[in-house]
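Letter by letter, the chains look like this.
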Amino acid sequence: MKFVSTHNNDVIRQVLFIIALIALGVVIFKELRFFLGGALGALTFYVILRNPFLFLVEKRKWNKSIASLALILLLVIFLMLFGAGAIDMVMSRISEFDNKRVMDGINVINDKIKQATGFDIYSSKFFEQTKDTLLRITSEVLNSAYGFAANMVMMIFILYFMLVNNTKMETNAVKIIPFRGKALSQVLQEVKGMIISNAVGIPSIMIIQGMIATLGYWIFGIKDPWFWGVITGFFSIIPIVGTVAVWGLLCIYLLGSGQIWQGIGLLLYCAVLVSSMDNIVRIVLGKYMVNTHPLITILGVIMGISLFGFWGIIFGPILIDLFLLLFKIYRTEYMHENERPSDSSKAVVS
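Cut-offs used in this document
- Residues numbered from 1 in each chain as written.
- Predicted model: local features only at pLDDT ≥ 70, side-chain atom pairs only at ≥ 80, totals over all residues.
- Heavy atoms only, no water.
- Helix = DSSP H or I, 4+ residues; strand = E, 2+ residues; numbered from the N terminus.
- Buried < 20%, exposed > 50% of the residue type's maximum accessible area, 1.4 Å probe, protein only.
- Contact = heavy atoms within 4.5 Å.
- Areas by Shrake-Rupley, 256 points an atom, 1.4 Å probe, with all protein chains shown as cover.
- Expected span 1.5 Å × (residues − 1).
- Phe/Tyr/Trp six-rings, centres within 6.5 Å; stacked < 30°, edge-to-face > 60°.
- Arc of directions from axis to C-beta.
- Axes fitted to C-alpha atoms, helices over the stretch in contact; angles between N-to-C directions.
- Parallel < 35°, antiparallel > 145°, perpendicular 65-115°, else oblique.
- Nonpolar A, V, L, I, M, F, W, Y, C, P; charged D, E, K, R; others polar.
- Core = buried A, V, L, I, M, F, W, Y, C linked by side-chain atoms within 4.5 Å.
- Disulfide = S-S within 2.5 Å.

Undergrad: Account for the overall build of the chain, naming residues and giving values.
TA: A tally of helices and strands in the chain yields 15 helices and zero strands. Taking all 350 residues of the chain together, the buried fraction comes to 29%. For the chain, the share of sequence-separated contacts (at least 6 apart) that also reach a separation of at least 24 residues comes to 69%. For the chain, the accessible surface area stands at approximately 23,100 Å², while carbon and sulfur atoms represent 70% of it.

Undergrad: Before we move on, can you summarise helix α8 (residues 181–219) with the specific residues and values?
TA: Counted at 1.5 Å a residue, the expected span for α8 with its 39 residues is 57 Å, and the 56 Å between its end C-alpha atoms agrees. Phi turns positive one or two residues past the end of α8, at G221, with a value near 80°.

Undergrad: Break down the packing of aromatic side chains for me, with residues and values.
TA: Per the counting criterion, the structure on display carries three aromatic pairs. With 6.1 Å between their ring centres and 65° between their planes, F220 and Y269 make a pair best called edge-to-face. Residue F220 is located in the loop between α8 and α9 (225–235), and its partner Y269 is located in helix α11 (residues 260–274); the two are separated by 49 residues in the primary sequence. The exposure classification of F220 matches that of Y269, with both residues buried.

Undergrad: Account for α11, naming residues and giving values.
TA: Along its 15 residues, α11 runs 20 Å from first to last C-alpha, staying within 8% of the 21 Å computed at 1.5 Å per residue. Within α11, burial applies to G263, G265, L266, Y269, C270 and V274. Along the long axis of α11, the arc covered by the buried residues comes to 165°, so they all point the same way. Counted as exposed and oriented over 90 degrees from the buried face of α11: W261, L268 and V272.

Undergrad: How would you summarise the side chain of T232 if you had to cite specific residues and measurements?
TA: Looking at the element boundaries, T232 is found in helix α9. When its relative accessible area of 0% is taken as the criterion, T232 is described as buried. Once you skip the residues sitting within four places of it in the chain, T232 turns out to touch A213, Y217, T243, V246 and V274.

Undergrad: Account for the environment of A67, naming residues and giving values.
TA: As for its placement among the helices and strands, A67 is situated in helix α3 (residues 64–94). We classify A67 as buried; its relative accessible area is 0%. The spatial distance from the C-alpha of A67 to the C-alpha of L54 is 8.9 Å, given a sequence separation of 13 residues. Residue contacts for A67: discarding those within four places in its chain leaves F53, L56, V57 and W62.

Undergrad: A description of the packing of α9 against helix α10 (residues 244–256) should follow, citing residues and the corresponding values.
TA: It is the contact of α9 with α10, at a shortest axis distance of 8 Å, that shows an interaxial angle of 140°. Classed by the angle they form, the pair α9 and α10 counts as oblique. Listed contacts from α10 to W228, I231, T232 and F235 of α9 are A245, V246 and L250. Here the residues of the contact of α9 with α10 are counted per class, giving six nonpolar, one polar and no charged.

Undergrad: Describe the nonpolar core, naming the residues involved and giving the relevant values.
TA: Membership of the largest hydrophobic core comes to 17 residues, with the highest contact counts inside it found for F53, L75, M155, L159 and L163. Those elements giving two or more residues to this core turn out to be α2 (36–59), α3 and α6 (145–164). For this core, the element with the highest residue contribution is α2, accounting for eight residues. Those residues in contact with F53 that lie beyond four places of it in its chain are K64, A67, S68, L71, L163 and N166. Counting residues in each nonpolar core, the second largest holds 16 residues, with F220, W247, L254 and V274 among its members.

Undergrad: So what's going on with the state of the cysteines? Which residues, and what values?
TA: Taken as a whole and assessed by the stated rule, the structure comprises zero disulfides. Of all cysteine sulfurs, the one in C270 lies closest to C251, which takes part in no disulfide; the gap is 5.6 Å. On the basis of relative accessible area, C270 is assigned to the buried category, the value being 0%.

Undergrad: Give a detailed account of unusual backbone geometry, specifying residues and quantitative values.
TA: The phi dihedral of K61 falls on the positive side, at around 60°, and the residue is not glycine. Mapped onto the secondary structure, K61 falls in the loop between α2 and α3. Using a relative accessible area of 66% as the deciding quantity, one classes K61 as exposed. Here the phi dihedral of D224 falls at roughly 55°; this positive angle occurs in a residue that is not glycine.

This is the structure we're talking about:
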């Protein structure tokens, strides 16, 4: 009886300890969730910079702090140049865009469709609602600029300590992960592959689609082709709509200004080359790209942006992939599916 009582006390203490851990974890997460994007960004760049960091420390015998600061300084310079250039280009051009021509193009297309089918594709109420929506989105983006800057600063601090304490951090992470042996190795490799795939693949797709689009805009006479190429590259990360939101608008712009053949030519060029570039890049970068189903990517990005902001583009699909991976490992570890031959597969083979 004494043994049973002691055992029950141990179980109660363990349950209370777990409850306290969960409660404290929820409080900490709730109060620091504003910086979650910075933490995820630091994790992304840690995976990318880990090998260069180890090269500097182990091969070149650099001090860990100096190696970390050098890599972070290069990263900050790149982000500042890229971000400042993109923002300057967008802000200097966006006010010059003649939206009247776009509306004229939409009216031309709508009149053609209405004459042929009798169906009016839009109404003034629709465009009033669209205008209000665009203003609201623009306001939210401007309001989130402070949060993005704060997360970038936090990302740099977290990344520095992750690099300097890389050995201790990785050892503790392995202890926390509830897997061992083959399952642990599989989880680590899958997560690393997914992060590198998204961190390398998404910027590559953005850059290449933007460059191909820029060439098309220049050929068919779009003013400021570099500007619209950059915008097209950024829109390539948006699920479903993607680059069509930009080059479709520009095709309408050309049609509205009476450049019918240029508009049709740009439409065919972008539909064939720009839209297919996503798949081509994935084939070329097959070594770095995880074979993720497009539906997982779309749903992951939609979910990730609402959860993590900008970094949700990378970590949204990773969460879904990780869920499927953990489910697969659970079946293997606890249902022993790898040890039980499938009768249905035998029947098919026979």
